[in-house]
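# Report on the structure
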Amino acid sequence: MRKRLKKLGILMMLAAVALAGCGKKEAGVPRVLEQESGTTLATLGDEPVYLEEALFYTRMLQEQWEYVYYESFGETMWQQEADDSGQTLEELLKSSVLDTLTELHLLCAHAGEYGVSLTDGEQEEIARRAQNFMENNTKAVLEAAGADRESVERYLARNELAGKVAEAIRADYEPEISEEEAQVGRLTYALFSNTGLYDVEGNFTPFTEEELAKIQQEADDFAALAADLGDISAAGEQFPHTVIDVYFNEDTDGGAHPDVAGKARELPVGGVSGVIATDEGWYVVQHVSDLDADATSDRLEELKESAKQEYLQNLEDSWAKETPLKVDENVWETVQIDGLITEIGGDGSHE
């Protein structure tokens with residue numbers, strides 16, 4: 001759960017408020033950062049990281065997590081264990097904040113190296129967004145975060161600069177991935193589910209033995225029709241039954257059930273399987289092709305994007321190792337998450 005929570009929290013925080021940290025003494029630094037001061041929470045090399053910034057992140061992320069996790073954890077959510085390590089949600093959130101600040105301060109510290117800066121037009125747009133942020137957030141959250149228009153503008157400017165640095169790094173790196181490495185073919189399958197049904201109110205009813213026998217017979221009949229036609233999609237139109245296309249190769253199942261993808265690999269191109277029994281129900285699959293040009297082109301771009309992201313992450317990791325974030329724990333302990341900052345009803349919705 002920890003990795004899922006951290007990733008979700010960071011993504012929601014950046015998407016919702018577009019905030020981050022970066023150094024203020026490098027080339028191309030936005031003017032709103034030039035006079036920054038506050039209580040030093042940590043240092044990253046010679047650069048201070050201020051408590052005010054960390055507090056802001058903490059409250060913004062706290063608000064987002066309360067929206068998502070209140071229903072699962074309840075009013076004492078921040079004292080609940082979040083993962084097998086025994087960390088509480090509060091500890092996990094605060095760790096996420098430090099990770100985010102480290103990453104984005106490091107990116108901004110390298111802005112000059114990559115020739116990145118913010119234009120006057122971008123800074124004017126940031127000022128407008130800061131004003132909108134102040135107008136569109138609740139007084140309680142803003143007060144808890146210590147937010148004012150100037151500080152929000154500062155964090156937005158930092159985020160914008162950090163994002164441009166990350167994009168410049170990715171753009172400078174061109175991974176060597178061949179079309180052959182990206183090649184994928186296509187399988188098409190039909191599923192006859194054995195898992196039961198939900199009504200409009202969300203109530204679950206499992207299938208009876210009689211219903212399961214009927215579904216299995218339908219799968220047998222569908223498999224026979226698909227084999228006769230030599231085309232599972234055509235069988236799906238005649239039967240009728242939904243069929244699903246999946247792109248796959250020797251290394252990826254493309255989201256298909258592993259048993260289904262494995263069977264497709266055993267079939268010749270064009271071959272249709274018999275019924276494949278799984279814990280989810282009965283499948284029928286056809287190995288449609290070994291090369292789908294459009295899907296291969298798309299996968300090539302996906303692999304390149306993934307490689308660019310991995311390169312960026314490795315570079316950030318090396319920077320963090322060379323210049324670790326040194327936190328004053330006594331200062332950091334002054335930031336507590338001991339109650340909710342949002343008004344949440346008992347059904348998990350905001351009142």
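Just so we're clear, the structure is a prediction, and the values are computed from it rather than from any experiment. (Residues numbered from 1 in each chain as written. Predicted model: local features only at pLDDT ≥ 70, side-chain atom pairs only at ≥ 80, totals over all residues. Heavy atoms only, no water.)

### Notes on unusual backbone geometry
Note that the residue after Phe239, namely Pro240, is joined by a cis bond; omega there is -15°. By secondary structure assignment, the location of Pro240 is in the loop between helix H9 (232–238) and strand S6 (244–248). (Helix = DSSP H or I, 4+ residues; strand = E, 2+ residues; numbered from the N terminus.)

### Concerning the confidence of the model for the protein
Across the protein, the average pLDDT comes to 87, with 88% of residues at 70 or higher. Counting interchain partners and residues more than four positions distant, the pLDDT-below-50 stretch residues 6–27 has 73 contacts. (pLDDT = per-residue confidence, 0-100. Contact = heavy atoms within 4.5 Å.)

### Some remarks on the pattern of salt bridges
If you walk through the whole model with that rule in mind, you get 15 salt bridges. As a salt-bridge pair, Arg129 and Glu160 come within 3.4 Å of each other at their nearest N and O atoms. In this pair, Arg129 sits in helix H4 (residues 120–136) while Glu160 sits in helix H6 (residues 149–172), placing the two residues 31 residues apart along the sequence. Between Glu150 and Arg154 there is a salt bridge, with the nearest N and O atoms lying 3.6 Å from each other. Here Glu150 pairs with Arg154, and both are found in helix H6, just four residues apart, close to one helical turn. When salt bridges with common partners are traced through the structure, they connect Glu167, Arg170 and Glu305 into a single cluster. (Salt bridge = Lys/Arg side-chain N within 4 Å of Asp/Glu carboxyl O.)

### So, the nonpolar core
Counting 31 residues, the largest nonpolar core has Phe56, Leu107, Val152 and Ile169 as the members making the most contacts within it. Put simply, the parts of the chain that give this core at least two residues each are helix H2 (51–73), helix H3 (89–109), H4, helix H5 (139–145), H6 and helix H11 (293–322). Residue contributions to this core peak at ten residues, all from H6. If sequence neighbours within four positions are ignored, Ile169 has contacts with Leu107, Tyr114, Tyr311, Leu312, Leu315 and Trp319. Grouped together as the second largest cluster of nonpolar side chains are 24 residues, Tyr69, Trp78, Ala82 and Val97 included. (Core = buried A, V, L, I, M, F, W, Y, C linked by side-chain atoms within 4.5 Å. Buried < 20%, exposed > 50% of the residue type's maximum accessible area, 1.4 Å probe, protein only.)

### Focus on the pairing of strand S8 (residues 281–289)
The two faces of the sheet receive side chains in turn, since in a regular strand these alternate between them. Judged by how many residues are buried, S8 sits mostly within the fold: eight of nine residues are covered. Where strand S3 (residues 185–193) and S8 come together, eight bridges link them in antiparallel fashion. Of the residues in S8, the one forming a bridge with Thr188 is Gln286. (Pairing = 2+ DSSP bridges.)

### A few points about the side chain of Thr342
With respect to the element layout, Thr342 can be found in the segment after helix H12 (329–332). Polar side-chain contacts of Thr342 include one of 2.5 Å to the side chain of Glu66. (Polar contact = N/O pair within 3.5 Å; in protein donor to acceptor, adjacent residues only side chain to side chain.)

### Some words on the sheet that holds S8
The strand order S6-S3-S8-S7 describes an open sheet built from four strands, whose pairing is antiparallel. Both edges of this open sheet fall to S6 and strand S7 (276–278), since each of them pairs with a single strand only. When the angles between neighbouring strand axes are averaged without regard to direction, this sheet yields 35°. Against the sheet, helix H10 (residues 258–266) engages S3, S6, S7 and S8, with an angle of about 40° to S8. (Axes fitted to C-alpha atoms, helices over the stretch in contact; angles between N-to-C directions.)

### With respect to the sheet that holds strand S1 (residues 40–44)
Within a sheet, adjacent strands bond to each other through the backbone by hydrogen bonds, running parallel or antiparallel. Read across the open sheet, the three strands follow the order S2-S1-S9; overall the sheet is antiparallel. Only two strands of the sheet have a single partner each, and these edge strands are strand S2 (47–50) and strand S9 (325–327). Going from strand to strand, the sheet's axes swing by 30° on average, the running direction of each strand aside. Those strands touched by H2 are S1 and S2, and its axis lies near 45° from that of S2.

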